[in-house]
Amino acid sequence: MLMVKIIAVLLISASVGILYRIPRKLLLYVSFVGMVAWLIMYITMRLGGNGILADFLASVAVGVIAEILARILRKPATIFIIPGFIPLVPGGDAYMTMLYMVEGNYVDGVAKGMQTILTAGAIAFGIFVSSTIFRLIKNYNLESCSTDVRKS
Amino acid sequence: MTISLEQMVSLAALAGEVMLKNGAETYRIEETMNHMAKACGASTVESFVIPTGVFLTVTDEAGHTLTVMRRVRDRTINLDRISKVNELSRSLVAQRMGYEDAKGILTSISKERTGFSLLPSMLASGVIGGGTAVLQNALFFETLAAFAAAMIVRYIAHIVSKLHGVQFSFEFLGGMAVAFCGVLLHSIWPHLRPDAVIIGGIMPLVPGVAITNAIRDVIAGDLLSGLSRGLEAALTAAAVAMGVVIILALKV
C-alpha cells in the first residue's frame, strides 16, 4: 500500500506541474520534491509526531530542496515549491470541517477547522522559514561581494 | 547600435507585464525589469509592481527620464513563461543577446500558446484528484470517481475562462460540481463513500501559486502584494468551501 501511495504522490506532483505549466523537462525533479516531502510527513506521523509538526517539517524540506534545485538549474524556486507542497495540503481535514458544519455539529466543526487552519499555517510557515534562510544567505553573499570590491 | 530610451522602457515594461500576467513573485518582476533596463544602458531604473499593474521609470545616460505604467487585468498561471523571461534577462545581462533578439523573443513568449491544451490539463487535473483519493485510502471505484470529478473541474475552468468569468466564480462552481458528483454517486451506489471523491476533486482547486507568492512577497518586503495575494488565496479557499457546503447542505 505504501508503494501505491508513493506512486500516487509522484503522479500528483507531476500533474500539478503540468497544470501550472512548468517547463516539461523539470517534471521529474518536481515529482521527486513532492515524494521526499510526503515521505517526511508520513514517517514523522508514523513515529508519533502530530500532523502539524509533520507538515511543518515536510514543507521546510520542500523549501530547502526547491531553493537548492533553483540554484543548480537556474530556474525560479516557485516552480519546485508549488508541486512539492500540494500533496501535503490537508484536504481531508477541510472536508471534515465542512461536513461537521453542515450537519450542525459546530463543536467538532470548529475543532477540525482550527486543525485545518493550523496545518495549512504550518505548511506556509515551513516555506517561510526555508525561503528566509536562503534570502539571508543571498544577502550575506551580496554584502561580502561588495566589501571585496571596495577593498580591491 | 545605441538603444533609445523608449526602446529600453518598452522592453523592460513588456517583460514585467508578461511575468506579472503569468504569476511571478513581485520582487522577481522588479529585479528582472531593473536588470534588463540596466543591461540596455540605462543609468538609473526604478520599478514598482503590484498585483494589478507595473510601473517603471528609466533614466538614460543623457539624463532623460521616461515613466510608463502597464495595467494588468487577465492573470493566468504559466510558470514556463516566467522561467523563459528569467532566462532571457540573464542572457541579456551577460551580453549573450542583443536588444533586437531580446525584443523578438519576448514578443513571441508573450504571444505563444505554451504548455498543454485542454485534454492534457484535464487528465493532469484528474490524476491529482485520483492520486489524492489514493492517499485518503480510497477504494478503486472511489479513486476512479475522484478522477472523473477532478476532470470535470478542469472542464468547468475551461468554460469559465472562455466566458471571461468573474474572480472566484470558477472555484465556487468547481466546488459545487465536485460535491454534486460525490453526492450523486453516493446516492446511486450507497457503498461508495463521497469523502474521497470530494477531497480528491477539490485538490486541483487549491490556490498553490497564490499561497507561495504571498509568502515569498511578504519575506521580500512587498507587503502590499503579499497581503493581497494572501487574501486571494484565503478567498479562493472560502469559495471552494462554500461551493461544497451548499451542495452538502442540500443533501442534509
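The structure presented is a predicted model; accordingly, all values stated were derived computationally and were not measured.

1. Thoughts on the overall build of chain A
For step 1, the next point in the chain: Helices and strands together make up the secondary structure of chain A, namely six helices and zero strands.
For step 2, the next point in the chain: Across chain A, helices and strands are ordered from the amino to the carboxyl terminus as α-α-α-α-α-α.
For step 3, the next point in the chain: By principal-axis analysis of the C-alpha atoms, chain A measures approximately 70 × 30 × 30 Å.
For step 4, the next point in the chain: Every one of the 152 residues in chain A was classed for burial, and the buried ones make up 47%.
For step 5, the next point in the chain: For chain A, the proportion of contacts with a sequence separation of at least 24, taken over those separated by at least 6, is 61%.

2. Comments concerning the domain arrangement of chain B
For step 1, the next point in the chain: Looking at chain B, the domain boundaries give domain 1 (5–111) and domain 2 (118–251).
For step 2, the next point in the chain: If you look at the interface, domain 1 of chain B gives seven residues, while domain 2 of chain B gives 10 residues.

3. Section: the environment of I128(B)
For step 1, the next point in the chain: Among the secondary structure elements, I128(B) is positioned in helix α5 (residues 118–135).
For step 2, the next point in the chain: Once the C-alpha coordinates of I128(B) and A138(B) are considered, the two residues, 10 residues apart in sequence, prove to be 14 Å apart.
For step 3, the next point in the chain: Leave out the neighbours within four places in its chain, and I128(B) touches I12(A), S15(A), V16(A), A150(B), M203(B) and P204(B).

4. A short note on the interface of chain A and chain B
For step 1, the next point in the chain: Taken together, the 38 residues of chain A in the interface contact 43 residues of chain B.
For step 2, the next point in the chain: Of all the elements in the fold, those that place two or more residues in the side of chain A that touches chain B are α1 (2–19), α4 (78–85), α5 (91–102) and α6 (106–151) of chain A.
For step 3, the next point in the chain: At 10 residues, α1(A) tops the list of elements feeding residues into the side of chain A that touches chain B.
For step 4, the next point in the chain: Along the lines of polarity and charge, the residues of the side of chain A that touches chain B split into 27 nonpolar, six polar and five charged.

5. A word on unusual backbone geometry
Residue and element names in this part refer to chain A.
For step 1, the next point in the chain: Located in the positive-phi region is R21, a residue other than glycine, with phi close to 60°.
For step 2, the next point in the chain: Relative to the elements of secondary structure, R21 occurs in the loop between α1 and α2 (27–46).
For step 3, the next point in the chain: Here the phi dihedral of R74 falls at roughly 55°; this positive angle occurs in a residue that is not glycine.
For step 4, the next point in the chain: By the secondary structure assignment, R74 is in the loop between α3 (51–73) and α4.
For step 5, the next point in the chain: Taking the C-beta count within 10 Å as the criterion, R74 has 11 such neighbours and is therefore assigned exposed.

6. Overview of the pairing of strand β2 (residues 53–59) of chain B
Residues and elements named next belong to chain B.
For step 1, the next point in the chain: Of the two faces of β2, the one holding V54, L56 and V58 is buried and the one holding G53, F55, T57 and T59 is not buried anywhere.
For step 2, the next point in the chain: In the sheet, strand β1 (residues 44–50) pairs with β2 via seven bridges, with the strands oriented antiparallel. Residue pairing across strands places I50 opposite G53, the latter belonging to β2.
For step 3, the next point in the chain: Hairpin remark: β1 followed by β2, antiparallel, with two residues in the connecting loop.
For step 4, the next point in the chain: Of the strand pairs in this sheet, β2 and strand β3 (residues 65–71) are connected by seven bridges, and their pairing is antiparallel. Pairing of L56 across the sheet is with V68, part of β3.
For step 5, the next point in the chain: Once β2 ends, the chain turns through five residues before running back antiparallel as β3, passing G63 with a positive phi of about 95°.

7. Let's talk about α2(A)
All names here are of chain A.
For step 1, the next point in the chain: For α2, with 20 residues, the first-to-last C-alpha span of 28 Å sits near the 28 Å given by 1.5 Å per residue.
For step 2, the next point in the chain: Taken residue by residue, α2 has Y29, V30, S31, V33, G34, A37, W38 and M41 as its buried positions.
For step 3, the next point in the chain: Taken together, the buried residues of α2 touch α1, α3 and α4.

8. Examining helix α6 (residues 140–162) of chain B
Residues lying three or four places apart along an α-helix face the same way, a consequence of the helix completing one turn every 3.6 residues.
Residue and element names in this part refer to chain B.
For step 1, the next point in the chain: Helix length check: α6, at 23 residues, gives a terminal C-alpha distance of 34 Å against a target of 33 Å (1.5 Å per residue), a fit within 8%.
For step 2, the next point in the chain: Within α6 the residues assigned to the buried category are E142, T143, A145, A146, F147, A149, A150, M151, I152, V153, R154 and A157.
For step 3, the next point in the chain: Packing partners of the buried residues in α6 comprise α5, α7 (169–188) and α8 (194–202).
For step 4, the next point in the chain: Immediately beyond the C-terminal end of α6, within one or two residues, lies H164, with a positive phi of roughly 55°.

Criteria and thresholds
Residues numbered from 1 in each chain as written. Chains lettered and ligands numbered in written order. Predicted model: local features only at pLDDT ≥ 70, side-chain atom pairs only at ≥ 80, totals over all residues. Helix = DSSP H or I, 4+ residues; strand = E, 2+ residues; numbered from the N terminus. Buried ≥ 20, exposed ≤ 12 C-beta atoms within 10 Å, placed from the backbone. Contact = placed C-beta atoms within 7 Å. Domains from an automatic or database assignment. Nonpolar A, V, L, I, M, F, W, Y, C, P; charged D, E, K, R; others polar. Pairing = 2+ DSSP bridges. Expected span 1.5 Å × (residues − 1).

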